[in-house]
Amino acid sequence: NWTMEEFIGKEITRIREICGPKGRVIGAVSGGVDSTVAAKLMHEAIGDRKVVFETKCRVLLMPIFQTAQQVFDMLNKDLGVNLTVVDASDLFLSRLDGVEDPEKKRKIIGNTFINVFEEEAAKIEAEAEEEEKKGAEAKGRVEWLLQGTLYPDVIESISFKGPSATIKTHHNVGGLLKDMKLKLIEPLRELFKDEVRALGRLLSIPAPLVQRHPFPGPGLAIRILGPVTRDQVKILQQADSIYIEEIRKAGLYDQISQAFAVLLPVKAVGVMGDARTYEQVIALRAVQSEDFMTADWYAFPPAVLKRISSRITNEVSGINRVTYDISSKPPATVEWL
Ligand code: XMP
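Small disclaimer: the values here were computed from a predicted structure and weren't measured. (Residues numbered from 1 in each chain as written. Predicted model: local features only at pLDDT ≥ 70, side-chain atom pairs only at ≥ 80, totals over all residues. Heavy atoms only, no water.)

## Structural notes on the nonpolar core
Note the cut-off: What makes a nonpolar core is a set of buried Ala, Val, Leu, Ile, Met, Phe, Trp, Tyr and Cys residues whose side-chain atoms join them at distances within 4.5 Å. Working definition: with a 1.4 Å probe on protein chains only, accessible area under 20% of the residue-type maximum means buried, over 50% means exposed, and in between means partly exposed. Helix and strand labels come from DSSP, where a helix needs a run of H or I of at least four residues and a strand needs a run of E of at least two; each type is numbered from the N terminus. Whether two residues touch is decided by their heavy atoms; if any such pair falls within 4.5 Å, the residues are in contact.
Of all hydrophobic cores here, the largest spans 49 residues; its most connected members are Tyr243, Ile247, Ile282, Phe300 and Ile312. Put simply, the parts of the chain that give this core at least two residues each are helix H5 (89-96), helix H6 (102-133), strand S4 (142-146), helix H10 (230-249), strand S6 (258-272), strand S7 (275-288), helix H11 (302-315) and strand S9 (319-324). Those residues within four positions of tyrosine 243 in sequence are excluded, and the remaining contacts are Ala259, Phe260, Ala261, Leu284, Arg285, Ala286, Phe300, Ile308 and Tyr324.

## Here's the deal with the packing of helix H2 (residues 33-47) against helix H8 (residues 193-202)
Where we set the bar: Structural elements are reduced to axes, namely lines fitted to C-alpha atoms, with helices fitted over the stretch in contact, and the angle between N-to-C directions of any two is expressed from 0 to 180 degrees. Small angles under 35 degrees read as roughly parallel and large ones over 145 as roughly antiparallel, with 65 to 115 read as roughly perpendicular and the rest as oblique. The crossing is said to be left-handed when, going from far helix to near helix, the turn is anticlockwise and less than a right angle, and right-handed when the turn is clockwise. Side-chain classes follow a simple rule in which Ala, Val, Leu, Ile, Met, Phe, Trp, Tyr, Cys and Pro form the nonpolar group, Asp, Glu, Lys and Arg form the charged group, and the remainder, Gly included, forms the polar group.
It is at 10 Å that the axes of H2 and H8 come closest, and there the two elements cross at 45 degrees. Accordingly, the angle class assigned to the pair H2 and H8 is oblique. At the point where H2 passes H8, the crossing takes the left-handed sense. Along the contact surface, H2 presents Val33, Asp34 and Val37, while H8 presents Lys193, Val196, Arg197, Leu199 and Gly200. For the contact of H2 with H8, the per-class residue count stands at four nonpolar, one polar and three charged.

## Concerning the environment of proline 301
In this structure, proline 301 sits in the loop between strand S8 (296-297) and H11. In this structure, the C-alpha to C-alpha distance between proline 301 and aspartate 254, residues 47 residues apart in sequence, is 15 Å.

## Considering the packing of helix H1 (residues 4-19) against H2
In the contact formed by H1 and H2, the axes pass within 9 Å of each other and the chain directions differ by 60 degrees. The angle between H1 and H2 falls in the class oblique. In the packing of H1 onto H2, the handedness of the crossing is right-handed. Only Leu41, Met42, Glu44, Ala45 and Ile46 of H2 make contact with H1, whose side of the interface consists of Ile8, Glu11, Ile12, Ile15, Arg16 and Cys19. Looking at the contact of H1 with H2 residue by residue, the classes come out as eight nonpolar, no polar and three charged.

What follows is the structure, given as structure tokens:
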């Protein structure tokens, strides 16, 4: 039995012990709850007190996956977390060029994340060395990689890695970290989602962010079923933002555990004015779930679906058809890839 206040105190002490007086941590934020809470906790532990600990909490952002500016403003301005925006979108997109296989996408993204982390860590160290040459006191090495792994992520990845089959490589755990020089620090790995939310509230993370639906580590790449291009990312982002906006307007956001749009690699015939169109299809997903191990599809009021569909087909160029996913987990999974 423990309280969340005790957890914060204990975890901050643990982080400081693990990192030592000078150890520095690198990490990334997606704009989701877990990575934000992890970054804020790290900031409380070693970010603020860099005078005492001479540590620095550096958080990276991969802008292809979410609206980078919003995430930056929130973390940097509202939460005071030191954030450097690294636009690695060209690198991610070039490595994903032509790749459709879900596991390949996950592996490429995971490996690219690590390459970017290691490259950034090297840059931070080179900067520190320059400063030291000019007489600044020596800084610690960037040895640690911050991950917002939760308890269910740990469990799922263990149970998924049965002898015969891996269902999905959850990219923030396990396999991909084999060759990494950075060591993992996972302050949330004993917590469930609702506990992370409670922790976020205690750390003064704004309510809309704390309540945000989960967002997967591999980002929109696993919601684009065909090849990932800048164009496809843009179409999906537009559709997704209309979808979420309408869910919020209808007052349903907090009743749904996770909702997102998926871009299908198929084209369908439609009509606009008196012209024939031949464009892509958006699938909408919304589920209710306790722990995401199982999930039920969410029964929207038809009027809400109607509004969402009409806005997406009218406003998103390249989409002429919207479909609603009525599959539960199992046998489907929450994400399509
Ligand atoms: P699935 O699709 O496995 O999703 O039913 C269950 C929950 O996990 C999220 N998800 C991921 N999260 N890295 C993550 O951090 C991943 O690779 C990943 N794959 C799925 C998914 O969004 C859902 O909340």
